[in-house]
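Residue-level structure breakdown
Given next are the chains, with one letter for each unit.
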Amino acid sequence: MEGITEGVSNIVISSSESQKKNRIQVSNTKKSLFFYVNLSKRYMQQYNEVELCGLGMAISTVVSIAEILKNNGFAVEKKIRTLTVDMRDEPGARPIPKAKIEILLGKTENFDELMAAEAEEREYGGDEQN
């Protein structure tokens, strides 16, 4: 009986570990591209790195977000992983293979300076318009 309890405890622990706090699951229909770019910056401020994930048609959006962050000097690429996952439309249906991408980005050395400059620009940029 103790062996079963230990096994169940391990399952619960491992499933909670798979829900990373710094993971953003990107959709290409729900939010705009720059929503995810800004969210990624906030995650990098908080966790020092961010993992962007996307399925199917959202893969190009994930790649675009990563490229915007890299080209603007905010992030460096740490790891890219591609895989295929089986998805089911409804319980009991046949699994449909879907492509998935995971990109792990880390802060650049000058990330904090860029974020401070961006915040300052927003602060003073709003005054010029009035």
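Conventions used here
- Residues numbered from 1 in each chain as written.
- Predicted model: local features only at pLDDT ≥ 70, side-chain atom pairs only at ≥ 80, totals over all residues.
- Heavy atoms only, no water.
- Helix = DSSP H or I, 4+ residues; strand = E, 2+ residues; numbered from the N terminus.
- Buried < 20%, exposed > 50% of the residue type's maximum accessible area, 1.4 Å probe, protein only.
- Contact = heavy atoms within 4.5 Å.
- Areas by Shrake-Rupley, 256 points an atom, 1.4 Å probe, with all protein chains shown as cover.
- Pairing = 2+ DSSP bridges.
- Right-handed = clockwise from strand over helix to strand, strands pointing away.
- Axes fitted to C-alpha atoms, helices over the stretch in contact; angles between N-to-C directions.
- Salt bridge = Lys/Arg side-chain N within 4 Å of Asp/Glu carboxyl O.
- Core = buried A, V, L, I, M, F, W, Y, C linked by side-chain atoms within 4.5 Å.

Describing the overall build of the protein
Secondary structure assignment for the protein yields four helices and four strands. Each helix and strand of the protein, ordered N terminal to C terminal, gives the series α-β-α-β-α-β-β-α. Sorting the 130 residues of the protein into buried and exposed places 27% on the buried side. When contacts within the protein are restricted to residue pairs at least 6 apart in sequence, long-range pairs at least 24 apart make up 69% of them. For the protein, the accessible surface area stands at approximately 9,300 Å², while carbon and sulfur atoms represent 50% of it.

Side note on the pairing of strand 2 (residues 49-55)
Taken across its seven residues, strand 2 has five buried, putting it largely inside the fold. Where strand 1 (residues 23-26) and strand 2 come together, four bridges link them in parallel fashion. The residue of strand 2 that forms the bridge with Arg23 is Glu51. Following the chain from strand 1 across helix 2 (residues 33-47) to the adjacent parallel strand 2, one finds a crossover that is right-handed. Here strand 2 pairs with strand 4 (residues 96-107) via seven bridges, running antiparallel. Bridging from a neighbouring strand, Val50 pairs with Leu105 of strand 4.

Comments concerning the sheet that holds strand 2
Taken together, four strands build an open sheet; the order of strands is 1-2-4-3 and the sheet is mixed. Each edge of the open sheet carries a strand with a single partner, namely strand 1 and strand 3 (75-87). Strand-to-strand twist across the sheet, computed as the mean angle between neighbouring axes with direction ignored, equals 20 degrees. Here helix 3 (residues 59-71) sits on the sheet in contact with strand 1, strand 2, strand 3 and strand 4, set at roughly 10 degrees to strand 4.

A word on the pattern of salt bridges
If charged atoms from side chains of opposite charge come close, those side chains can pair. Under the definition given, this model contains nine salt bridges. Here Glu67 and Lys70 are joined by a salt bridge, their closest N and O atoms 3.0 Å apart. Taken together, the residues span about one helical turn, with Glu67 and Lys70 both in helix 3 at a distance of three residues. Taking the relative accessible area as the measure of exposure, Glu67 reaches 33% and is therefore partly exposed. For Lys70, a relative accessible area of 26% corresponds to the partly exposed category. Put simply, Glu118 and Arg122 hold a salt bridge, and the shortest N to O gap is 3.7 Å. With Glu118 and Arg122 both in helix 4 (residues 111-129) and four residues apart, this pair spans about one turn of that helix.

A few points about the nonpolar core
Counting residues in hydrophobic clusters, the biggest one holds 20 residues, and the most contacted among them are Ile24, Val26, Met44, Leu52, Ile65, Leu69 and Leu105. Considering every element that reaches this core, the biggest residue donor is helix 3, with five residues.

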